[in-house]
Amino acid sequence: MKPYVLTLSDSQAVLETVGGKGMSLAKMINADLPVPDGFHITTEAYRHFIETNGLQTRILAALKDVDTTLPVSLETASTSISRFFADSAMPDEIANAIKGAYLTLDTSRLTLPVAVRSSATAEDLPEASFAGQQETFLNIRGEQALLEAVKKCWASLWTARAIAYRIKNNIDQNTVALAVVVQEMVNAEAAGILFTANPINGHRDKMVIN
């Protein structure tokens, strides 16, 4: 059986198991760059949650009448799917794996604050950038709050903007899955992003720091 949880640096942390963001973090750690500690919740956990709760058929049915020229149809589908996730139970085997990984971070049991970050398999690809399409939840404290945030993160695979973007880029809605990265919160004095290509024109002879 494939694992539901991996350490951030695990050799199995590839696109198919931990999504684009998770894979990039694993590469950074293995390059000895400083990365806040945490763990991956794999796409296997997402798929098991979906299968256990019988959600895939209901999700595809909710998407059947979506028309990207009608924003209200996207919002209607997204709201319905979000409700499916909220009303579904987290399988014990996934919940226990997540709790165990959280405990390795929160050894003092003082409800360590963590960031719960989406990491999709269709993310940060050469032909499509999914930055900002799915959700991140900050300052999550305690096991129960963490489990609820993971469900919300999974549900955010089906935001109106994410659904529309996949349709625009001809990505099969039936094949996507979402991993989750859980990391310790860091009290940052500064934050930013380095684009290794000019984000305006795509030229690779310039780097842009925001």
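Just above, that's the structure.
Residues numbered from 1 in each chain as written. Predicted model: local features only at pLDDT ≥ 70, side-chain atom pairs only at ≥ 80, totals over all residues. Heavy atoms only, no water.

A.B. asks: Now, about the pairing of strand S3 (residues 114–120): what can you tell me, with residues and values included?
C.D. replies: Within S3, six of the seven residues are buried, which leaves the element mostly enclosed by the surrounding structure. Of the pairings in the sheet, the one linking S3 to strand S4 (residues 136–140) comprises three bridges and is antiparallel in character. Looking at the pairing, Val116 lines up with Phe137 of S4. As paired elements, S3 and strand S5 (residues 178–184) share seven bridges and run antiparallel to each other. Residue Ser118 lies in a different strand from S5, and its bridge partner there is Val180. (Buried < 20%, exposed > 50% of the residue type's maximum accessible area, 1.4 Å probe, protein only. Helix = DSSP H or I, 4+ residues; strand = E, 2+ residues; numbered from the N terminus. Pairing = 2+ DSSP bridges.)

A.B. asks: Tell me about the nonpolar core, residues and numbers included.
C.D. replies: Within the largest apolar cluster, 45 residues are counted, with the highest numbers of intra-cluster contacts made by Phe85, Leu146, Trp154 and Trp158. Of the residues forming this core, the biggest block, seven residues, is contributed by helix H6 (residues 143–155). For Phe85, the residues in contact, after removing those within four places along its chain, are Tyr46, Phe49, Ile50, Leu55, Ile59, Lys151, Trp154, Ala155 and Trp158. (Core = buried A, V, L, I, M, F, W, Y, C linked by side-chain atoms within 4.5 Å. Contact = heavy atoms within 4.5 Å.)

A.B. asks: Give a detailed account of the packing of aromatic side chains, specifying residues and quantitative values.
C.D. replies: Considering all chains together, one arrives at four aromatic pairs under this definition. Note on Tyr46 and Trp154: the rings are 6.1 Å apart at their centroids and 75 degrees apart in plane angle, and the pair reads as edge-to-face. Residue Tyr46 is found in helix H2 (residues 43–52), and its partner Trp154 is found in helix H6; the two are separated by 108 residues along the sequence. Counting every residue linked through ring pairs, the aromatic cluster contains Tyr46, Phe49, Phe85 and Trp154. Lying across the ring of Phe84, Arg58 places its NZ or CZ 4.2 Å from the centre. (Phe/Tyr/Trp six-rings, centres within 6.5 Å; stacked < 30°, edge-to-face > 60°. Lys NZ or Arg CZ within 6 Å of the ring centre and 35° of its normal.)

A.B. asks: Explain helix H1 (residues 15–30) to me, and be specific about the residues and the numbers.
C.D. replies: Taking 1.5 Å of rise per residue, the 16 residues of H1 would be expected to cover 22 Å, yet its terminal C-alpha atoms sit only 15 Å apart, more than 12% below that figure. Taking the largest bend as the criterion, H1 deviates by roughly 85 degrees, centred on Lys21. Within H1 the residues assigned to the buried category are Val18, Gly19, Gly20, Lys21, Gly22, Leu25 and Ala26. Next to the buried residues of H1 lie strand S1 (5–7), strand S2 (38–41), S3 and S5. One or two residues past the end of H1 sits Asp32, with phi positive at roughly 65 degrees. (Expected span 1.5 Å × (residues − 1). Bend = angle between axes of the 7 residues up to and from the residue.)

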